[in-house]
Amino acid sequence: QVQLVESGGGLVQAGGSLRLSCAASGRTFSSYAMGWFRQAPGKDREFVAAITWSGGNTYYADSVKGRFTISRDNAKNTLYLQMNSLKPEDTAYYYCAADQETREVVADKPRYWGQGTQVTVSS
């Protein structure tokens, strides 16, 4: 089992940057694929990005490709999401998630979820 705690959200102007972090508990973080998801008010949750357990492969939603970068530091049990060139439409609650299968993360069906952190982008 893994427990996840996000941080780094906040208010930023359009065009700005934020870096989200997700701290994971447990000794087996490196065996989990990880992902970021977001949900805006009145909208369904959507996949943002995923990364395999080794960090060797990454996956992105088209809406964030080229602007967001997912990464992980297995020695620190931490997942990151670097968000650049932020747009008002990126405003949402961002969640990190984990699963031992990458396909479950990419399919928006990871087993473990964090509590989320709010990102607000002003125009």
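Structure first, text after, so check above.
Residues numbered from 1 in each chain as written. Predicted model: local features only at pLDDT ≥ 70, side-chain atom pairs only at ≥ 80, totals over all residues. Heavy atoms only, no water.

A. Main features of the packing of aromatic side chains. A complete count under the given rule lists 5 aromatic pairs for this structure. Centroid distance phenylalanine 37 to tryptophan 113: 4.9 Å. Interplanar angle 55°. Geometry classified as tilted. Placement of phenylalanine 37 in strand E4 (residues 33-39) and of tryptophan 113 in strand E10 (residues 112-113) is noted, with a sequence separation of 76 residues between them. Taking relative accessible area as the criterion, phenylalanine 37 reaches 0% and is therefore assigned buried. In this structure, arginine 72 is placed above the aromatic ring of phenylalanine 29, and the distance from its NZ or CZ to the ring centre is 4.5 Å. (Phe/Tyr/Trp six-rings, centres within 6.5 Å; stacked < 30°, edge-to-face > 60°. Helix = DSSP H or I, 4+ residues; strand = E, 2+ residues; numbered from the N terminus. Buried < 20%, exposed > 50% of the residue type's maximum accessible area, 1.4 Å probe, protein only. Lys NZ or Arg CZ within 6 Å of the ring centre and 35° of its normal.)

B. Spatial organisation of the sheet that holds strand E3 (residues 18-24). With antiparallel pairing, the 4 strands of this open sheet are ordered in space as E1-E3-E8-E7. Whereas interior strands pair on both sides, the edge strands pair on one side only; in this sheet they are strand E1 (4-7) and strand E7 (68-73). When the angles between neighbouring strand axes are averaged without regard to direction, this sheet yields 15°. In the sheet, E7 pairs with strand E8 (residues 78-83) via 6 bridges, with the strands oriented antiparallel. Opposite arginine 72, over in E8, you have leucine 79 as the bridge partner. (Pairing = 2+ DSSP bridges. Axes fitted to C-alpha atoms, helices over the stretch in contact; angles between N-to-C directions.)

C. Representation of unusual backbone geometry in the model. Located in the positive-phi region is asparagine 77, a residue other than glycine, with phi close to 55°. Examined against the element boundaries, asparagine 77 turns out to sit in the loop between E7 and E8. For aspartate 108, which is not a glycine, the phi torsion comes out positive at approximately 65°. When you line up the elements, aspartate 108 lands in the loop between helix H1 (102-106) and E10. Accessibility expressed as a relative area gives 22% for aspartate 108, which makes it partly exposed.

D. Up close: the pairing of E4. The buried fraction of E4 amounts to 6 of the 7 residues, a majority that puts the element mostly inside the structure. Inspection of the sheet shows E4 paired to strand E9 (residues 92-99) by 7 bridges, in the antiparallel sense. Each bridged residue has a counterpart across the sheet, and for glycine 35 the counterpart in E9 is alanine 97. Sheet topology note: the E4/strand E5 (residues 46-51) ladder contains 5 bridges and is antiparallel. For methionine 34, the partnering residue across the bridge sits in E5 and is isoleucine 51.

E. Highlighting the pattern of salt bridges. Enumeration according to the criterion identifies 6 salt bridges in this entry. Residue arginine 38 is joined to glutamate 46 by a salt bridge in which the shortest nitrogen-to-oxygen separation is 2.6 Å. Residue arginine 38 is classed as buried on the basis of its relative accessible area, which comes to 5%. The shortest N-O distance in the salt bridge between arginine 103 and glutamate 101 comes to 3.3 Å. One network of salt bridges, with partners in common, ties together Arg38, Glu46, Arg67 and Asp90. (Salt bridge = Lys/Arg side-chain N within 4 Å of Asp/Glu carboxyl O.)

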